[in-house]
Amino acid sequence: FNDYCFCTMQHLITHFSDFQLACLGSFFLHESVFFLSGLPFIFLERAGLLSKYKIQTKNNTPAAQEKCIMRLLLYHFGVNLPVMIFSYPVFKFMGMRSSLPLPSWKVVSTQILFYFILEDFVFYWGHRILHTKWLYKHVHSVHHEYATPFGLTSEYAHPAEILFLGFATIVGPAITGPHLMTLWLWMVLRVLETVEAHCGYHFPWSLSNFLPLYGGADFHDYHHRLLYTKSGNYASTFVYMDWIFGTDKGYRKLKALKSNGVEIESKQMQ
C-alpha cells in the first residue's frame, strides 16, 4: 500500500503543479467522496430499503432532495472552490507540501487524530454560537430546513456558516502544515464522518455501536429533530464535549426512556 501511495503521488506531482493538486485536486476529490457517499441514502429513502434501520419514519420528498442537491452544487462551486483557491497561499506558508518522500503512517495517524479532536472542540463551540437566537434565525436555520436529515444535508448550509464552521476543519492542518496526502486523507475521513452523521440510519454496523465516544447518526439526528433552543448534541464527531458541558441531557434522557420501555415491554411478553 505504501508503494501504491508513493507511485500515485509521484505520478501526480510529475503531471500537475502544487496549486492544481492542492486546490483543484482537493475540490474534485471532495466532490467525488461527498456525492458518492451521500447519494445512496437518497435512493434508500425513496425505495424504502432498509427502512427498519431508519431513525425517523418521516421521509423527504423528491423535490426537497433535488433542492438540496442543486443548492449544494451552487454552494460548492460558488463558495467552497473559491475558498480552497484563496487558502492555497496560507497552507503553503504554514508548510503544506506535495513533494516526496511521503510522511510515515505514524506521523499521518497522529496528525489525523489531532485534527479530529481539535475540529470537534472548535466545531462544538462554533455550533453552539450558531444556535443563539439571531444567528440561528439568519444563518443556521438554513441547515435545519431538513428536520429529517439524509447524507447530503451534512453540507447544506448558509454560505456564512460554510465559512464559519469550515474554520474548524482547516485549523488543524493550518497548524501542522501536513503533506498533501495527509490533508486529502483527513478530508475524506471528515466527509465520510459527517455524511454518516446525517444519513438518517442507524445500522448494526454503525461505528457508534463499536466506538463509545463516537456520536454517529443517532446522536446527531436528535439534534435535527428538536427546536434550536432545546436541541443540544452540538459536537461534530464525538460525544464527550456535550457530556462535559451538559448539552446532551435531553438525548440521554430520551435514550434512557427508550431503554426502559424496551425492558418493560420485554418483561410483559415473557
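Residues numbered from 1 in each chain as written. Predicted model: local features only at pLDDT ≥ 70, side-chain atom pairs only at ≥ 80, totals over all residues. Heavy atoms only, no water.

**Student:** Can you lay out the overall build of the protein for me, pointing to particular residues and giving the numbers?
**Tutor:** On a plain count of helices and strands, the protein comes out with 10 helices and zero strands. Ordered by position from N to C terminus, the α and β elements of the protein give α-α-α-α-α-α-α-α-α-α. Expected size for 270 residues packed as a compact globule is a radius of gyration near 18 Å; at 20 Å, the protein falls within 12% of this value. When the backbone C-alpha atoms are referred to their principal axes, the protein occupies close to 70 × 40 × 40 Å. Across the 270 residues in the protein, those meeting the buried criterion constitute 46%. Expressed as a percentage of contacts within the protein between residues at least 6 apart in sequence, the contacts between residues at least 24 apart total 75%. (Helix = DSSP H or I, 4+ residues; strand = E, 2+ residues; numbered from the N terminus. Rg over C-alpha atoms; globule rule 2.2 N^0.38 Å. Buried < 20%, exposed > 50% of the residue type's maximum accessible area, 1.4 Å probe, protein only. Contact = heavy atoms within 4.5 Å.)

**Student:** Explain the environment of Phe114 residue by residue, including any values.
**Tutor:** Structurally, Phe114 is set in helix 4 (residues 105-130). Among the residues examined, Phe114 registers a relative accessible area of 32% and is labelled partly exposed. Separated by 58 residues in sequence, Phe114 and Gly172 place their C-alpha atoms 7.1 Å apart.

**Student:** Summarise the UniProt feature "transmembrane region" (unreviewed entry) in the protein; cite the residues concerned and give the values.
**Tutor:** Feature annotation in UniProt places "transmembrane region" (unreviewed entry) on residues 19-44, 72-91, 103-125 and 162-187, given in this structure's numbering. Helix makes up 100% of residues 19-44 and strand 0%. Its end C-alpha atoms lie 38 Å apart. (UniProt positions renumbered as here; feature names shortened; annotations may be inferred.)

**Student:** Outline the pattern of salt bridges, listing residues and values.
**Tutor:** Across all of its chains, the model carries nine salt bridges by this definition. A salt bridge links Glu193 to Arg190, with the nearest nitrogen and oxygen atoms 2.3 Å apart. Here the residue Glu193 and the residue Arg190 both occupy positions in helix 7 (residues 180-197), the gap between them amounting to three residues, near one helical turn. With relative accessibility at 5%, the residue Glu193 sits in the buried group. For Arg190, a relative accessible area of 9% translates into the label buried. (Salt bridge = Lys/Arg side-chain N within 4 Å of Asp/Glu carboxyl O.)

**Student:** Before we move on, can you summarise the layout of surface pockets with the specific residues and values?
**Tutor:** Estimates place the volume of the largest pocket at around 990 Å³. The wall of the largest pocket is formed by 42 residues, among which Asn80, Ile162, Gly166, Thr169 and Ile170 lie closest to the centre. (1 Å grid on protein atoms, 1.4 Å probe; cavity = no way out; pocket = protein on both sides within 12 Å on 5 of 7 lines; lining within 4 Å. Points joined across faces, edges and corners; volume = space filled by probe spheres on them.)

**Student:** Account for the nonpolar core, naming residues and giving values.
**Tutor:** Of all hydrophobic cores here, the largest spans 39 residues; its most connected members are Phe34, Phe41, Cys68, Leu72, Met96, Leu152 and Leu180. Put simply, the parts of the chain that give this core at least two residues each are helix 1 (2-15), helix 2 (18-47), helix 3 (62-94), helix 4 and helix 7. The greatest single-element share of this core, amounting to nine residues, is contributed by helix 2. With sequence-adjacent residues up to four places away left out, Leu72 is seen in contact with Phe34, Phe35, Leu152, Glu155 and Tyr156. Ranked by size, the runner-up nonpolar core spans five residues in total, among them Phe123, Leu130, Val139 and Ala168. (Core = buried A, V, L, I, M, F, W, Y, C linked by side-chain atoms within 4.5 Å.)

**Student:** Could you give me a rundown of the side chain of His144, with the residues and numbers involved?
**Tutor:** Examined against the element boundaries, His144 turns out to sit in the loop between helix 5 (133-138) and helix 6 (159-176). Within the local environment of His144, its side chain forms a polar contact with the side chain of His223, the two groups lying 3.1 Å apart. Every residue in contact with His144, bar those within four places of it in the chain, is listed here: His131, Tyr136, His223 and His224. (Polar contact = N/O pair within 3.5 Å; in protein donor to acceptor, adjacent residues only side chain to side chain.)

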